[in-house]
Amino acid sequence: MASIKNLKKDINYVLGDVIEYALDVSTLKNEPKKGDVIIDEAIETFDALVAKVNASGVENKKAHFNAINQELETKAKGLVEKINGL
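Rules and cut-offs
Residues numbered from 1 in each chain as written. Predicted model: local features only at pLDDT ≥ 70, side-chain atom pairs only at ≥ 80, totals over all residues. Heavy atoms only, no water. Salt bridge = Lys/Arg side-chain N within 4 Å of Asp/Glu carboxyl O. Helix = DSSP H or I, 4+ residues; strand = E, 2+ residues; numbered from the N terminus. Buried < 20%, exposed > 50% of the residue type's maximum accessible area, 1.4 Å probe, protein only. Expected span 1.5 Å × (residues − 1). Arc of directions from axis to C-beta. Contact = heavy atoms within 4.5 Å. Polar contact = N/O pair within 3.5 Å; in protein donor to acceptor, adjacent residues only side chain to side chain. Axes fitted to C-alpha atoms, helices over the stretch in contact; angles between N-to-C directions. Parallel < 35°, antiparallel > 145°, perpendicular 65-115°, else oblique. Nonpolar A, V, L, I, M, F, W, Y, C, P; charged D, E, K, R; others polar.

*Asks:* For the pattern of salt bridges, give the residues involved together with the corresponding values.
*Replies:* As enumerated under the stated definition, the model contains 3 salt bridges in all. A salt bridge links Glu41 to Lys82, with the nearest nitrogen and oxygen atoms 2.7 Å apart. Of this pair, Glu41 sits in helix 2 (residues 32–53) while Lys82 is found in helix 3 (residues 61–84), placing the two residues 41 residues apart along the sequence. The class for Glu41 is partly exposed, based on a relative accessible area of 29%. Of the charged contacts in the structure, one is a salt bridge between Lys52 and Glu71, with a shortest N-O distance of 2.7 Å. Here Glu71 lies in helix 3 and Lys52 lies in helix 2, a separation of 19 residues in the sequence.

The following block contains the structure:
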């Protein structure tokens, strides 16, 4: 992990792309309600991950940030699978 700044950027870019993809797919398939649910979940994931990045008092920072990075990958893949299932 290069830096906290880059981790925050990764979270922002990845989940931003997921939201954009959800908007595109829900618009094309005329399923705005289902798309909104996925977008809300992506926003909740963003808020939770940023809160974890900003948490103070972490003993092993490297392991903590690596776990956040892994959680980002897992959550993003899950959201993309939900979008593909629309």
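*Asks:* Now, about helix 2: what can you tell me, with residues and values included?
*Replies:* Over its 22 residues, helix 2 extends 31 Å from the first C-alpha to the last, a length consistent with the 32 Å expected when each residue adds 1.5 Å. Residues Gly35, Ile38, Ile39, Ala42, Thr45, Leu49 and Val53 constitute the buried set of helix 2. Buried residues of helix 2, seen end-on, are gathered within an arc of 120 degrees and therefore sit on one face of the element. Away from the buried face of helix 2 by more than 90 degrees, exposed residues Lys33, Val37 and Glu44 are located. Against the buried residues of helix 2 lie helix 1 (4–28) and helix 3.

*Asks:* Tell me what's going on with the side chain of Ser26, and back it up with residues and numbers.
*Replies:* Position of Ser26 among the secondary structure elements: in helix 1. A distance of 3.1 Å separates a polar atom in the side chain of Ser26 from the backbone oxygen of Leu23. Dropping the residues within four chain positions of it, Ser26 is found in contact with Glu31, Pro32, Gly35 and Leu86.

*Asks:* I'd like a rundown of unusual backbone geometry, residues and numbers included.
*Replies:* Phi at Asn30 is positive, roughly 55 degrees, even though this residue is not glycine. Looking at the secondary structure, you find Asn30 in the loop between helix 1 and helix 2. By relative accessible area, which is 63% here, Asn30 ends up exposed.

*Asks:* Could you give me a rundown of the packing of helix 2 against helix 3, with the residues and numbers involved?
*Replies:* At a minimum axis distance of 11 Å, the contact between helix 2 and helix 3 shows a crossing angle of 180 degrees. One finds that helix 2 runs roughly antiparallel with respect to helix 3. In contact with Ile38, Glu41, Ala42, Thr45, Leu49, Lys52 and Val53 of helix 2, helix 3 contributes His64, Phe65, Ile68, Glu71, Leu72, Lys75, Leu79, Lys82 and Ile83. Residue composition of the contact of helix 2 with helix 3, grouped by class: 9 nonpolar, 2 polar and 5 charged.

*Asks:* Please set out the environment of Ile11 residue by residue, giving values where relevant.
*Replies:* Inspection of the secondary structure assignment puts Ile11 in helix 1. Exposure remark for Ile11: the relative accessible area of 0% places this residue in the buried category. Between the alpha carbons of Ile11 and Ile68 there is a distance of 9.4 Å; along the sequence they are 57 residues apart. Setting aside residues up to four positions removed in sequence, Ile11 forms contacts with Gly16, Phe46, Leu49, Val50, Val53, Ile68 and Leu72.

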